[in-house]
Amino acid sequence: MSDNAVNTTSQQETLENIFDICGRLYSEMCTNKETDHGTLFEYMTELGRTMVDADRASFWKWDKRRHELWTTSATGVDRIVIPDNTGLVGKALKEGCVIVTNDPYNDPDFNKAVDLKTGYVTKSILTMPVADVNGVFIGAFQIINKNGDKGFDEVEDVRRLSPAAVISGLAMESESFLEESHHDKLTKLKNRMGFYSDFSHRYNKALEENKNISLFISDIDKFKRVNDTYGHNAGDDVLAFVASLLEGECTDKEAVYRWGGEEFIMMMVDASLEECVAKAEKMREKIMNSPIDADGNVINVTMSFGCRQFDPEMSIEDNISKADEHLYTAKETGRNKVVY
């Protein structure tokens, strides 16, 4: 077989692999199966690896708020997190250009820690910064270990990789918008929209598995007085402090949401009503005994709580309404108490 015939066969195989990856992604997106942006990133990294004939690919997300870069694509570890000013990914984002190294162990910007942890041997790397539609960098596409004897080519391999990088960038931008819409900007907690999204996935699944769910709804006592006395900046500081305290006490089976105004809801999976009441009481005491630096003023606040075990025969709204009735009783009978 001539070299031209071999090349034609190889190109046809690559094209068929690309069609197969795209076809599987399309089919999965058109089913009722629950998918998220992570599924798309997995397919896009597989597509990128195939298009440039490499051993491995990963998509790195840039969390600018935490100054971190992270990926879940590496073999042997669940998640890799690095500071955003380190490694070849950090360099590519900082300089806003493609970084290629075919001798990584002699490159001062290469982070050897992952290889040391997993036993993987990196021989060549191509890193592309990925931008949103406004040209703002939001992540990076990285391809590792070009198959064969040659290393990565900055021109040809980038050209081949660009479709997967563009799609990943658009998906990342979409995911960021979705995340922002589900979070409260002041407290950083998930908001009411985030609550309903979590319920349709996490809590419905727990109910289907016949797990108990308990919840409490809580309210900062006389919060209007804080705003009237110290100003709205102080009020914002109080809300952020309370949110941080509540979230800091959550286990992996618990989550807290800003329901609106000065109200917060905590959801507890695998928890009885008694455990929910004990948690609320713990939170009540901790908040009561925690001085808050609110816009230069040191103040204390208290909270009232209404607890309930979730009844799967009732709607979400009705369950919350019942917990809210207990909260109302707490407020009307002296505040700074837990009612169930």
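Bear in mind that the values here come from a model prediction, so they are computed numbers and not experimental data.

Thoughts on unusual backbone geometry
And then number 1: With phi around 55 degrees, aspartate 53 is a residue other than glycine that occupies positive phi space.
And then number 2: Examined against the element boundaries, aspartate 53 turns out to sit in the loop between helix H2 (37-51) and strand E1 (54-63).
And then number 3: The backbone phi angle of asparagine 210 is positive, close to 60 degrees, even though this residue is not glycine.
And then number 4: Turning to its location among the elements, asparagine 210 is positioned in the loop between helix H6 (192-208) and strand E7 (213-220).
And then number 5: With relative accessibility at 71%, the residue asparagine 210 sits in the exposed group.

Describing helix H5 (residues 156-181)
And then number 1: The end-to-end C-alpha separation of H5 is 38 Å, in line with the 38 Å expected for 26 residues at 1.5 Å each.
And then number 2: Of all the bends in H5, the greatest, near 45 degrees, is centred on serine 162, and the proline proline 163 appears no more than four residues after it.
And then number 3: By the burial criterion, the buried members of H5 are Asp157, Val158, Leu161, Ala164, Ala165, Ser168, Gly169, Ala171, Met172, Glu173 and Glu175.

Overview of the pattern of salt bridges
And then number 1: Overall, the coordinates contain 19 salt bridges when judged by the stated rule.
And then number 2: The salt bridge partner of aspartate 157 is lysine 146, with a shortest N-O separation of 2.9 Å. Here the residue aspartate 157 occupies a position in helix H5, and lysine 146 occupies one in strand E6 (residues 137-146), the gap between them amounting to 11 residues.
And then number 3: Its relative accessible area of 4% is what places aspartate 157 among the buried residues.
And then number 4: One salt bridge in this structure joins glutamate 254 and lysine 279, with 2.9 Å as the shortest N-O distance.

The rules behind the values
- What you see as residue numbers is a count from 1 along each chain, following the sequence as written.
- Local features in this predicted model are restricted to residues of pLDDT 70 or higher, and side-chain atom pairs are both shown and tallied only at a pLDDT of 80 or more, whereas totals for entire chains, interfaces and linings draw on every residue.
- The basis for the side-chain values is all heavy atoms of the structure; hydrogens and waters are excluded.
- Labels follow the DSSP assignment, with helices taken as runs of H or I lasting at least four residues and strands as runs of E lasting at least two, numbered in each case from the N terminus.
- Working definition: with a 1.4 Å probe on protein chains only, accessible area under 20% of the residue-type maximum means buried, over 50% means exposed, and in between means partly exposed.
- By this rule the span expected of a helix is its residue count minus one, scaled by 1.5 Å.
- Fitting one axis to the seven residues ending at a residue and another to the seven starting there, the bend at that residue is the angle between the two axes.
- By definition here, a salt bridge exists when the distance from a side-chain nitrogen of Lys or Arg to a carboxyl oxygen of Asp or Glu is within 4 Å.

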